Amino acid sequence: MAWWWRLLLGMWTVTTTWSQDKLLNVCMNTKHHKTEPSPEDKLYEECTPWKDNACCTANTSWEAHLDMSLLYNFSLTHCGLLTPSCQKHFIQAFCFYECSPNLGPWIQQVDPRGQEEGIVGVPLCWEDCEQWWDDCRSSYTCKSNWQGGWDWRRGKVRCPAGAHCLPFPDYFPTPADLCDKIWSNSYKASPERRSSGRCMQKWFEPAQGNPNVAVARLFANPARSWELSCPLLVLSLFLSFHS
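Residues numbered from 1 in each chain as written. Predicted model: local features only at pLDDT ≥ 70, side-chain atom pairs only at ≥ 80, totals over all residues. Heavy atoms only, no water.

As recorded by an unreviewed UniProt entry, the chain carries the name IZUMO1 receptor, JUNO and is attributed to Loxodonta africana. Quoted verbatim from the Sequence similarities (unreviewed entry) field of UniProt, the annotation for the chain is "Belongs to the folate receptor family." (UniProt positions renumbered as here; feature names shortened; annotations may be inferred.)

Listed below in structure tokens is the structure:
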């Protein structure tokens with residue numbers, strides 16, 4: 001029965017590799033994302049790290065930098081101006097979301113009709129969450145979840161009734177609270193550091209290359225391949241007991 005084992009091992013390798021490849025170098029299915037990643041030489045400011053391989057266009061990268069974002073019809077200034085350092089973190093987060101081709105392991109369907117996708121639980125490196133939180137400590141907001149629940153009755157995003165504009169730490173007591181809550185668990189504060197290769201950086205120095213490529217590959221390797229290869233495991237066990 002040795003030939004059976006060789007066949008099963010080959011099939012297992014193929015299905016695992018196929019499963020992994022589906023999660024790598026991909027763009028989300030959303031209104032502003034490209035269908036496939038490709039070079040974009042003219043990405044704007046904080047989006048430039050992805051210019052060699054991006055899921056966003058130059059126009060999308062520019063819109064990500066506006067106080068009143070045309071991408072989401074959302075205003076960062078709902079409780080007044082953010083400090084420049086705080087605003088920079090949000091722009092980087094927008095660029096990361098729109099431009100990164102390395103979010104495949106965390107992409108999920110968010111539209112019941114299967115026509116739009118989002119991300120859930122992307123593990124941001126601890127330094128990213130810590131610096132984001134620290135730089136926003138003196139800025140103000142009125143909600144801990146910016147994904148929804150705003151007042152749109154006047155055609156512009158406003159704080160919901162009864163919500164008070166308070167310093168960020170009142171709504172986000174810790175760095176983990178900020179990363180986990182700000183967009184309904186789209187991100188997850190990881191205890192891992194940037195040097196570990198086991199967490200995603202929402203921004204990186206372009207000259208040093210994209211560290212998120214290897215992280216996505218790490219998370220894609222075991223992810224979902226079990227679902228595809230489980231029937232092969234069952235078959236192999238059956239054959240071993242009957243050989």
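Don't stop here, the text continues.
In terms of helices and strands, the chain carries eight helices and eight strands. For the chain, the residues scored as buried account for 44% of the 243 residues in total. When contacts within the chain are restricted to residue pairs at least 6 apart in sequence, long-range pairs at least 24 apart make up 65% of them. Carbon and sulfur atoms make up 55% of the accessible area of the chain, which totals about 12,900 Å². (Helix = DSSP H or I, 4+ residues; strand = E, 2+ residues; numbered from the N terminus. Buried < 20%, exposed > 50% of the residue type's maximum accessible area, 1.4 Å probe, protein only. Contact = heavy atoms within 4.5 Å. Areas by Shrake-Rupley, 256 points an atom, 1.4 Å probe, with all protein chains shown as cover.)

Let us now look at the side chain of Glu-117. Mapped onto the elements, Glu-117 comes out in strand β4 (residues 117-119). When its relative accessible area of 19% is taken as the criterion, Glu-117 is described as buried.

Further remarks concern helix α7 (residues 212-220). Since there are 3.6 residues in each turn of an α-helix, residues three or four apart along the chain are aligned in direction. All of the buried residues along α7 are Asn-212, Val-215, Ala-216 and Ala-220. Down the axis of α7, the buried set is contained in an arc of 130 degrees. They therefore lie on one face. (Arc of directions from axis to C-beta.)

This part is about the pattern of salt bridges. According to the stated counting rule, one finds eight salt bridges in the structure shown. In this structure, the salt-bridge partner of Lys-51 is Asp-52, at a minimum N-O distance of 3.5 Å. Given the relative accessible area of 56%, Asp-52 is considered exposed. Two residues, Asp-151 and Arg-153, come together in a salt bridge whose shortest N-O distance is 3.0 Å. (Salt bridge = Lys/Arg side-chain N within 4 Å of Asp/Glu carboxyl O.)

Here we come to the packing of helix α3 (residues 84-99) against helix α4 (residues 126-135). Relative to each other, α3 and α4 sit at 140 degrees, their axes nearing to 8 Å. Relative to α4, α3 is oriented oblique. Here the hand of the crossing between α3 and α4 comes out left-handed. Residue-level inspection shows Ser-85, Cys-86, His-89, Phe-90 and Ala-93 of α3 in contact with α4, the latter providing Gln-131, Trp-132 and Asp-135. (Axes fitted to C-alpha atoms, helices over the stretch in contact; angles between N-to-C directions. Parallel < 35°, antiparallel > 145°, perpendicular 65-115°, else oblique. Left-handed = near helix turned anticlockwise from the far one by under 90°.)

Okay, the packing of aromatic side chains next. For the coordinates displayed, the defined rule picks out 15 aromatic pairs. Seen from their ring centres, Trp-50 and Phe-96 are 6.4 Å apart, and the 45 degrees between their planes marks the pair as tilted. Of this pair, Trp-50 sits in the loop between α1 (2-22) and α2 (58-63) while Phe-96 sits in helix α3; the two residues are 46 residues apart in sequence, bridging distant segments of the chain. Classification of Phe-96 by relative accessible area gives buried; the value is 0%. Aromatic side chains Trp-183 and Tyr-187 sit 6.2 Å apart centroid to centroid with 75 degrees between the ring planes, which places their arrangement in the edge-to-face category. Take Trp-183: its relative accessible area is 14%, and that puts it in the buried class. We classify Tyr-187 as buried; its relative accessible area is 4%. (Phe/Tyr/Trp six-rings, centres within 6.5 Å; stacked < 30°, edge-to-face > 60°.)

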